[in-house]
Amino acid sequence: MRLTRGLLKRNLVLSALGIIMFRFSSAYFQKSTIPAIANYFGTKGRYEEVNPYLIDDILSVNKSLSKPPSPDCRAIHLTAIIRHGTRYPTTKNIKRMKRFYSLIVNESKGTYAWLRDIKNNWEMWYTEDMDGKLVEKGRDDHRHLAMRLATSFPTLISVDNFQGNRIKFITSSKHRCVDSVEAFQEGLQRRWHIQDTRYSQEINDSLMRFFDKCKKFIENVDNNKTALLEVDLFKSSDEMKNVQRRIAERLQISLSDITPDMVEAAFFLCSYEFAIKTVNSPWCNMFEKTDAQVLEYKNDLKQYWKRGYGHDINRKSSCSLFHDLFRRLDQTAYDYRFGQVAEAVTVQVGHAETLLPLLSLMGFFHDETPLTAANFHAQHGRTFRTSQIVPYAANLVFVLYDCNKGLRLRFLLNEKPMTFPGINQPDPLYRTVRDHYSDLLHGCDFEKECELRKANRRNSEL
Ligand SMILES: O=P(O)(O)O[C@H]1[C@H](OP(=O)(O)O)[C@@H](OP(=O)(O)O)[C@H](O)[C@@H](O)[C@H]1OP(=O)(O)O
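Definitions and limits used
- Residues numbered from 1 in each chain as written.
- Predicted model: local features only at pLDDT ≥ 70, side-chain atom pairs only at ≥ 80, totals over all residues.
- Heavy atoms only, no water.
- 1 Å grid on protein atoms, 1.4 Å probe; cavity = no way out; pocket = protein on both sides within 12 Å on 5 of 7 lines; lining within 4 Å.
- Points joined across faces, edges and corners; volume = space filled by probe spheres on them.
- Helix = DSSP H or I, 4+ residues; strand = E, 2+ residues; numbered from the N terminus.
- Nonpolar A, V, L, I, M, F, W, Y, C, P; charged D, E, K, R; others polar.
- Expected span 1.5 Å × (residues − 1).
- Buried < 20%, exposed > 50% of the residue type's maximum accessible area, 1.4 Å probe, protein only.
- Disulfide = S-S within 2.5 Å.
- Pairing = 2+ DSSP bridges.
- Near = heavy atom within 4 Å.
- Polar contact = N/O pair within 3.5 Å; in protein donor to acceptor, adjacent residues only side chain to side chain.
- Sits in = over half its atoms within 2 Å of the grid points.
- pLDDT = per-residue confidence, 0-100.
- Salt bridge = Lys/Arg side-chain N within 4 Å of Asp/Glu carboxyl O.
- Phe/Tyr/Trp six-rings, centres within 6.5 Å; stacked < 30°, edge-to-face > 60°.
- Lys NZ or Arg CZ within 6 Å of the ring centre and 35° of its normal.

Colleague: Could you clarify how one ought to interpret empty space enclosed by the protein in this entry?
Modeller: A water-sized probe, rolled over the atoms, reveals where empty space remains. All told, the structure shown has three cavities of 30 Å³ or more when counted by the stated rule. In terms of lining, the largest cavity is formed by Tyr47, Glu48, Ile58, Lys137, Asp141, His144, Leu145, Arg148, Ala393 and Asn395. The biggest single contributor to the lining of the largest cavity is helix α5 (residues 136-152), with five residues. Computed from the structure, the second largest cavity encloses a volume of approximately 40 Å³. In terms of residue class, the lining of the second largest cavity is built from four nonpolar, five polar and two charged.

Okay, structure coming up:
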């Protein structure tokens, strides 16, 4: 009897050790497939790099998220504004990637092992029809996000609310967003083990692609070649020239062939192979950390001047989404006081260029010194770092609570609590937030902000 008990104990200890070793080795393996430059991919970065704990357990949640501000508080509404999941490159970048790959195959004389690997074992598998479509990993991004949010906010993201049509879905018309919403709904169905009752979604580009409807943005930024002057200046900066020179030397290709666009195409190949296939491909060995920091800054300059603080109209074009958010929160506050909350949850899916202007309008990630081509070295500590703000499936979550002392508003970015700029307390009273943004709430009129002045209109009519 004692012998059996001893054997049982030994087996239990051995199997526990086996589980620990397996988890350690699989976590180690997963981490070892992560390129050293994975934190510099900007808007082409994985969500997992922003929340590394998800690498070990994709359904892991931060318990503090679901803890109400105080025991007397009850969550009454949640709005989530989410970027689509991981996608294929756009056609523009697939063309560049193809050009660079053939340059390597036909011209490179370099002898690095990773270079031989690219030339002998890697095949160009991207095709132009992929054009930014959602990939399977991108569906998983949204399925898992839905499951985590349902775990964190079970009284709001619930079967009853889902089947009672109190969870509303709104999306950009782009296929990557429509497919992301469907994946989000699949995630909820899996979480609750319910059959495939595909939920409807509202396609609303006025909300999720407001930048396409803002004449002043289209005229002054989208179609204005000088709007991204700082990006162009940085592409011919010494920092970029040094990256080009180092890449040309590693590849043993003429420097004149290694343009900034070609270097970025190789950088994107590394980021897409990793984001789509979770492969640390030989493309990543082409870059050192210093190269990646320069290419990250180039992308941040593009986002800053096209979607962020660079031009006022970038953030003003998001006035429609800003007002829509606070209209929903106000409506919930009213419904809750006088009856049942009709819309417990709103899930809105858009793009990096949906989230960044809204974050800028609300004052998040505002560096004292503007990002320019000339201050790359001074901006190493910048807060406007898209790698940390808008990876695939990035999400802004606003949760409204009813508490004894009044309504409170919690804000989470990528499942991390954030304080509103200028309101240095977590879960502030909702009226404090409304007071803080009163100028925007009483102004920020989309039609007025986006109206072309007569002079501009005369030019655009010429
Ligand atoms: O460099 P690409 O062509 O990938 O740029 C895309 C945008 O991707 P991002 O710059 O954000 O990585 C894409 O944004 P997404 O959030 O939908 O991925 C945008 O919709 C697409 O039009 C391209 O932006 P661009 O400003 O037109 O280059």
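Colleague: Looking at this structure, I do not really get α5. What am I missing?
Modeller: Along an α-helix, residues three or four positions apart point the same way, because every turn accommodates 3.6 residues. Spanning 17 residues, α5 covers 24 Å between terminal C-alpha atoms, matching the ideal 24 Å at 1.5 Å per step. With 13 of 17 residues buried, α5 lies mostly within the body of the structure.

Colleague: Which parts of the structure should I look at to understand the state of the cysteines?
Modeller: Counting across every chain of the model gives four disulfides. Here cysteine 270 is linked by a disulfide to cysteine 284, with a sulfur-sulfur distance of 2.0 Å. Measuring handedness by torsion sign, the sulfur bridge of cysteine 270 and cysteine 284 sits at about 100 degrees and is right-handed. Remark: cysteine 284 occurs in the loop between α12 (260-277) and α13 (289-306) and cysteine 270 occurs in helix α12; sequence separation between them is 14 residues. Cysteine 270 sits in the buried class, given a relative accessible area of 0%. Disulfide connectivity for the protein, with bonded cysteines indexed by sequence position, reads 1-6, 2-8, 3-4, 5-7. Here cysteine 177 is not disulfide-linked; the sulfur of cysteine 214 is the nearest cysteine sulfur, at 19 Å. Since its relative accessible area comes to 0%, cysteine 177 is described here as buried.

Colleague: Looking at this structure, I do not really get the pairing of strand β6 (residues 406-413). What am I missing?
Modeller: Moving residue by residue along a regular strand, the side chains alternate between the two faces of the sheet. The element β6 is extensively covered by neighbouring structure, given that eight of its eight residues are classed as buried. Both strand β5 (residues 395-403) and β6 contribute to a ladder of eight bridges, which runs antiparallel. The residue of β6 that forms the bridge with valine 399 is arginine 410. Hairpin connection from β5 to β6: two residues lie between these consecutive antiparallel strands. Bridging between β6 and strand β7 (residues 416-418) involves three bridges; their strand directions are antiparallel. Residue leucine 412 lies in a different strand from β7, and its bridge partner there is proline 417. Counting the residues that bridge the hairpin from β6 to β7 gives two residues, and of these asparagine 414 lies at a positive phi of roughly 50 degrees.

Colleague: Sorry, what's going on with the site of the ligand here?
Modeller: Around the ligand, a shell composed of 16 residues is seen, among which Thr43, Lys44, Arg87, Thr90 and Glu353 lie nearest. Contacts to the ligand include arginine 83, whose side-chain N or O atom sits 2.8 Å from an oxygen atom. The contact in question runs from an oxygen atom of the ligand to an N or O atom on the backbone of alanine 352, over 2.8 Å. Among the detected pockets, the ligand sits in the largest pocket. Counting only elements with at least two residues in the shell around the ligand, the list comes to α3 (91-107), α13 and α16 (352-361). Here the shell around the ligand takes three residues from α13, the largest share from any one element. The class makeup of the residues in the shell around the ligand is one nonpolar, six polar and nine charged.

Colleague: Honestly, the confidence of the model for the protein in this entry has me stumped. Any pointers?
Modeller: As a note on interpretation, predicted positions should not be read in detail where pLDDT is low. For the protein, the mean per-residue pLDDT works out to 93, and 91% of the residues sit at or above 70. Here the prediction assigns the complex a pTM of 0.92, and the interface score ipTM is 0.94.

Colleague: What am I meant to see in the pattern of salt bridges here?
Modeller: Two side chains of opposite charge can pair, provided their charged atoms sit close to one another. Counted by the stated rule, this structure contains 29 salt bridges. Of the charged contacts in the structure, one is a salt bridge between glutamate 136 and arginine 143, with a shortest N-O distance of 2.8 Å. The exposure class assigned to glutamate 136 is partly exposed, which follows from its relative accessible area of 43%. Judged by its relative accessible area of 7%, arginine 143 falls in the buried class. Through salt bridges with shared partners, one network takes in Glu136, Arg139, Asp140, Arg143, Asp179 and Glu186.

Colleague: Explanation requested: the packing of aromatic side chains in the structure shown.
Modeller: Summed over the entire model, instances satisfying the criterion amount to 31 aromatic pairs. Taking 6.3 Å as the distance between ring centres and 70 degrees as the angle between the ring planes, the aromatic pair formed by tyrosine 88 and tryptophan 125 counts as edge-to-face. Taken together, the residues span a long stretch of sequence, with tyrosine 88 in the loop between β1 (74-83) and α3 and tryptophan 125 in the loop between α4 (113-121) and α5 at a distance of 37 residues. Given a relative accessible area of 26%, tryptophan 125 falls into the partly exposed group. Through successive ring pairs, a cluster of aromatic residues spans Phe322, Phe326, Phe364, Phe365, Phe398, Phe411, Phe420, Tyr430 and Tyr437. The ring of phenylalanine 268 has lysine 44 lying over it, and the distance from NZ or CZ to the ring centre is 4.5 Å. Against the face of phenylalanine 211 rests arginine 307, its NZ or CZ located 5.1 Å from the ring centre.

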